[in-house]
Amino acid sequence: MTEPGKPVLTGGCQCGAVRFAVSAAPAKISICHCRMCQKATGAPFASYADIEKGEFAWTKGTPSAFRSSSIAMRDFCAACGTPLSFRRIDGPRIEIMTGTFDRPDHVVPTRQYGTESRLGWVVGIANLPSQTTQQNYGPEKMATIVSHQHPDHD
């Protein structure tokens, strides 16, 4: 049980201009492979946490929005371009991109949608050779990189 008014989950865009808080656990967490979600995220699929609008608040800044279809809006940060959400126009819920949560490991997908557009190679991702960022760049290069990304907290 959380304290009244204390957010369960927080998050925001890459630059920190837009932040949000969620006061209850998401109703469902899913992946969508549809072509519209692929285009909206620039990725092979999108991952969303479905939240009642009454349990969600933008706590810093206001996102820009794009009407991606006759039934939906997609919110994003105008400053850095981070995709933030999908919401049905006049609907009671908002779906927040799971990668924008400060703790994305706390929002684990349990279902998939739009599988008619799922790219064939997605199912084999876990079996690809992998490296950590440190292994990829090496300690010398890592020591020279300065992040301009907002930290994962307020």
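Residues numbered from 1 in each chain as written. Predicted model: local features only at pLDDT ≥ 70, side-chain atom pairs only at ≥ 80, totals over all residues. Heavy atoms only, no water.

A. Examining the environment of lysine 28 more closely. Secondary-structure assignment places lysine 28 in strand β3 (residues 28-32). The exposure class assigned to lysine 28 is partly exposed, which follows from its relative accessible area of 25%. Counting along the chain gives 83 residues from lysine 28 to arginine 111, while the straight-line C-alpha distance between them is 8.3 Å. If we ignore the near neighbours within four places in the chain, the residues touching lysine 28 are Tyr48, Ala49, Asp50, Arg111 and Tyr113. For lysine 28, the side chain forms a polar contact with the side chain of tyrosine 113, separated by 3.3 Å. (Helix = DSSP H or I, 4+ residues; strand = E, 2+ residues; numbered from the N terminus. Buried < 20%, exposed > 50% of the residue type's maximum accessible area, 1.4 Å probe, protein only. Contact = heavy atoms within 4.5 Å. Polar contact = N/O pair within 3.5 Å; in protein donor to acceptor, adjacent residues only side chain to side chain.)

B. Looking closely at the pattern of salt bridges. One pass over the structure, following the stated rule, counts six salt bridges. Residues joined by salt bridges that share partners form a network here, namely Arg19, Asp102 and Asp154. (Salt bridge = Lys/Arg side-chain N within 4 Å of Asp/Glu carboxyl O.)

C. Expanded view of the sheet that holds strand β10 (residues 111-113). Read across the sheet, seven strands follow the order β6-β7-β8-β9-β4-β3-β10 without closing on themselves; strand pairing throughout is mixed. Sheet topology places β6 (64-67) and β10 at the edges, where each strand pairs with a single neighbour. The average angle at which neighbouring strand axes cross in this sheet is 30°, direction not considered. As defined by bridge partners, strand β8 (residues 83-88) adjoins strand β9 (residues 93-97) across two bridges and the pair is classed as antiparallel. For phenylalanine 86, the partnering residue across the bridge sits in β9 and is glutamate 95. (Pairing = 2+ DSSP bridges. Axes fitted to C-alpha atoms, helices over the stretch in contact; angles between N-to-C directions.)

D. A look at the pairing of β8. Sheet analysis places strand β7 (residues 72-76) next to β8, joined by five bridges and oriented antiparallel. Paired with alanine 72 across the strands is arginine 88, a residue of β8. In textbook terms, the turn of a hairpin is the stretch between consecutive antiparallel strands, and for β7 and β8 this stretch comprises six residues, one of which, glycine 81, has a positive phi near 85°. The turn joining β8 and β9, which pair antiparallel and follow one another in sequence, is formed by four residues; a positive phi near 65° is taken by aspartate 90.

E. How the structure looks around the packing of aromatic side chains. Under the counting rule described, the total for this entry stands at five aromatic pairs. Pairing phenylalanine 20 with phenylalanine 101 gives two aromatic rings, centres 5.2 Å apart and planes at 85°, and the pair type is edge-to-face. Taken as a pair, phenylalanine 20 in strand β2 (residues 19-22) and phenylalanine 101 in the loop between β9 and β10 lie far apart in primary sequence, 81 residues in all. Judged by relative accessible area, phenylalanine 101 falls into the buried class, the value being 2%. Relative to phenylalanine 86, the ring of tyrosine 48 has its centre 6.1 Å away and its plane inclined at 50°; by these criteria the two rings are tilted. Of this pair, tyrosine 48 sits in strand β4 (residues 46-52) while phenylalanine 86 sits in strand β8, and the two are 38 residues apart along the sequence. One exposure class covers both tyrosine 48 and phenylalanine 86, and it is buried. (Phe/Tyr/Trp six-rings, centres within 6.5 Å; stacked < 30°, edge-to-face > 60°.)

F. Local environment of the side chain of histidine 33. When you line up the elements, histidine 33 lands in the loop between β3 and α1 (35-41). The exposure class assigned to histidine 33 is buried, which follows from its relative accessible area of 1%. A distance of 2.6 Å separates the side chain of histidine 33 from the side chain of glutamine 112, its partner in a polar contact. Those residues within four positions of histidine 33 in sequence are excluded, and the remaining contacts are Gln38, Pro44, Phe45, Gln112, Tyr113, Gly114, Thr115, Ser117, Arg118 and Val122.

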